[in-house]
Structure formats: C-alpha cells, structure tokens
Amino acid sequence: MTTLLEAKALRKSFGGVRAVAGISLAVPAGAIYAVIGPNGAGKSTLMNLLSGTYQPDSGELVFAGTALAGLPSHARVRLGLARTFQKIRLFKQLSLLDNVLAGFHIHHDVPAWQYFLPGAAFRRDWRRSREEGMRLLEFVGLADRALDRAGALAYGQQRMLEIARALATKPRLFILDEPAAGLNAAEVDFLLGRLREIRSRDITVVVVEHNMDLVMNVADRVFVMDHGEPLFEGTPREVQDHPKVIEAYLGGEFG
C-alpha cells in the first residue's frame, strides 16, 4: 500500500523528559492506523508532532510527498491533515452548524470584497457551505439540532460535532485523539461505524485510543508505544498475542 504519512526518528523532549524518543512509522493510505500505549507513553505528544502543534527536536515527517518540518498546524490543514483533540475544543456559544461552517474556512472561494458587498459568488458559497455543513451534521447524527448551541450538547454529542467540524476541512488524513473517551457503549458503536464510513470515503485515519474493543474491531494496523519509544507494530491479532504488549499495556490476554 502507498504510504501517506511517514515519520522517521521523531524526538521531542520537555526539559529532561523524553516524551517521544525515536519514533518511526508509516501510515498506509486508506487505512485506519491505531496508536496505543499506557498513560504517559507519549501518544498525544506524537499526535501533536504529526499535526504541527509541536515541532520535533529532530527527525523527519513527510505527508503525501511534502516535508512538514517547520510547518504550523494551519498550513498542514491546507495540505489535507485534520485532527480532533483529547480535550474537546468547540465554539460552545455558537450553533452546531456555525461550528461546522468554521471548518470550511480554507475552502471558501469568494472575492474578498464580497464579504463587504455580497454578490453572486458569496451567495453560492453561502448556500454550498450550509448544505455541506448539514450533510456533515447528518453524518454524525446531529442534523436535527443544527441551530442549537454547541455547549448545550451532551458530552458524546460534542465529540461527534468536533468530528464533523474537522471533516469540513476535507482532510486526506484525519487524526483522532481518544475519540471514544467518555462515550457510553451505544456511542462507541456509533463512532466505530462512523470511522469505517470515513475510511470508505478515501480518508486515512490515525486514531489514538484506550478502548481496545474499538481498536481491535476497526484498525488495520496498530502501533504500540511505551515510555515514548516504539514497542511493536502489527495487525490487531498480532498485537493481541504479543507478549511484550501484554506485559507493558494490556495486562493480560484478550477475551
């Protein structure tokens, strides 16, 4: 399979703490690629390096043939790399639809002057954005609440809204940092289905997750970290059976 995102020997330290210590990985295009590991393994730091929130101390990072060194997050979004965060970041005073519309900002095709004197191009873009925004809200099961305030949503619904907003950027690679955190069983099942549907739309997914049932049911490849270092990479079955993974993270055999 073609590699969409490749990292080579990434390192990142905070003071004397080595959060990421020599991580190399290759994310295949069209795959769901899971990153797992115990608390403090460096998973979120790695995602911050991939998305541009942090810059590595050393190492290389290439996305679709473009070197990402020095590029900030907003530049990586324009290349087609989007993400959600472990801690939900929404515009809670805005409506659900307005939150999703914020994700379209990089795709507006309107002359600057029409923001002051709206013309035909502005009106076409306005209609298109709202139609696409509603389709994304429907995709995450929230279309009937499009005009509600985002802060009024239940926690699991806020997770779904954040996914819809990130999808509005039309990513080629979508990074999700613990999307199942705080979700109940029914919400996890819904999320699993959405991840499969996202992949079917030719979007590559990188997911950091502690919910092993979700990971083992949806991932094509699983990368295991421990103390900032690579421990093992393989299929879900290989990860389940690997003794070092069981010892470091899983704490016993899978059921």
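Below is a short write-up of the structure. Position numbers for residues count from 1 along each chain, tracking the sequence in the order it is written. For a predicted model such as this one, the threshold for reporting local features is a pLDDT of at least 70, and the threshold for listing and counting side-chain atom pairs is 80 or more; totals across whole chains, interfaces and linings nevertheless cover every residue. Just so you know, side-chain values use all the structure's heavy atoms and leave hydrogens and water out.

1. Quick word on helix H5 (residues 155–167)
Counted at 1.5 Å a residue, the expected span for H5 with its 13 residues is 18 Å, and the 19 Å between its end C-alpha atoms agrees. Residue burial is assigned from relative accessible area. The probe radius is 1.4 Å, only protein chains are included, and a residue is buried under 20% of its type maximum, exposed over 50%, and partly exposed in between. Helical segments are the DSSP runs of H or I of at least four residues, strand segments are the runs of E of at least two, and each set is numbered from the N terminus. Buried residues dominate H5, accounting for eleven of its 13 residues. Under the convention used throughout, the expected extent of a helix is 1.5 Å for every residue step, that is, one less than its residue count.

2. Quick word on helix H6 (residues 185–200)
The terminal C-alpha atoms of H6, which comprises 16 residues, lie 23 Å apart, in line with the 22 Å expected from a rise of 1.5 Å per residue. Any pair of N or O atoms that falls within 3.5 Å is considered a polar contact. Within protein, one atom must be able to donate a hydrogen and the other to accept it, and sequence-neighbouring residues count only if both atoms are side-chain atoms. Where H6 begins, the side chain of Asn184 points an oxygen toward the backbone nitrogen of Ala186, at a separation of 3.2 Å. Residue Asp202 follows H6 closely and has a positive phi angle near 65°.

3. Side note on the side chain of Lys43
Within the secondary structure, Lys43 is located in helix H1 (residues 43–51). Lys and Arg are tallied as positive, Asp and Glu as negative. Neither His nor the chain termini are counted. Each salt bridge in this description consists of a side-chain nitrogen of Lys or Arg and a carboxyl oxygen of Asp or Glu lying within 4 Å of one another. It is Glu178 that comes nearest to the buried, bridge-free Lys43 among opposite-charge side chains, at 5.0 Å. Setting aside anything within four residues of it in sequence, one finds Lys43 in contact with Val35, Ile36, Gly37, Pro38, Val208, His210 and Met225. Any pair of residues with heavy atoms lying within 4.5 Å of one another is described as a contacting pair.

4. Considerations on the pairing of strand E9 (residues 221–226)
Summarising burial for E9: five of the six residues are buried, a large majority. In short, DSSP must find at least two bridges between two strands for them to pair. Sheet topology places strand E3 (residues 32–36) next to E9; four bridges connect them, and they run parallel. If you follow Ala34 over to E9, its bridge partner there is Val222. Relative to strand E10 (residues 229–234), E9 is paired through five bridges, and the arrangement is antiparallel. Bridging across to E10, Phe223 finds its partner in Glu233. What sits between E9 and E10 in their antiparallel hairpin is a turn of two residues, with His227 showing a positive phi close to 55°.

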